[in-house]
Amino acid sequence: MNYLTKQIVFREIPNEISLSYLITGCPLRCSGCHSSDSWNPAAGGRLTMEHFLSDLKTYEGWITCVLFLGGEWYPKELQERLQMAQNLGLKTALYTGLDQIDSSIMAHLNFLKTGPYQKDRGGLDQARSNQKLVNVLTGEVLNSLFTLNKEELNDSIK
């Protein structure tokens, strides 16, 4: 399993500071994908267990969640990394273009974003989006946290 980018992100999983990995090799190739440079499975570098554990130790105390942008096409490797993150007390998340994923992956997730990107429907910040972000533990759909208008956003900060 290779990754193209590794970033600390604040918006993708509400109320979490996430270490995100953009996993290469996505077979979906959604039209308008903002990550088409990651489609080649040979792109990027290997996300070995040793490298992953080193990253988790580096960001210990700073991150609350690990987010994989794709990777469900490598189920065994993804499960191993999700389980390691959870064993270290971190929440876990997956962004997928699929509408559903294998239960063996789902068992190791706190958050799941599903749905292929459709340019005319937009992402999670659009009310008409076909995508949804769900808190797996509660079943709550979190899309409304992305679509707050400026007045609601200011009120939520107060």
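Time to look at the nonpolar core. Core analysis: the biggest nonpolar cluster contains 22 residues, and Tyr21, Phe52, Leu56, Val66 and Phe68 have the highest contact counts within it. Of all the secondary structure elements, the ones that give two or more residues to this core are β2 (18-23), α1 (49-58), β4 (65-69) and α2 (75-87). Top element by residues in this core is α2. It accounts for four residues. When residues no more than four places from it in sequence are discounted, the contact partners of Leu56 are Leu19, Ile63, Val66, Met84, Ala85, Leu88 and Leu90. Cys65, Ala93, Leu124 and Leu133 belong to the second-largest nonpolar core, a separate cluster that totals 11 residues.

Before going further, it helps to examine α1. Residues of α1 that are buried include every one of Phe52, Asp55 and Leu56, and no others. Around the axis of α1, the buried residues are gathered within 100° of arc, so they sit on the same side. α1 presents Glu50 and Thr58 as exposed residues on the side facing more than 90 degrees away from its buried surface. Elements in contact with the buried residues of α1: β1 (2-9), β2, β4 and α2.

About the thresholds
Residues numbered from 1 in each chain as written. Predicted model: local features only at pLDDT ≥ 70, side-chain atom pairs only at ≥ 80, totals over all residues. Heavy atoms only, no water. Core = buried A, V, L, I, M, F, W, Y, C linked by side-chain atoms within 4.5 Å. Buried < 20%, exposed > 50% of the residue type's maximum accessible area, 1.4 Å probe, protein only. Helix = DSSP H or I, 4+ residues; strand = E, 2+ residues; numbered from the N terminus. Contact = heavy atoms within 4.5 Å. Arc of directions from axis to C-beta.

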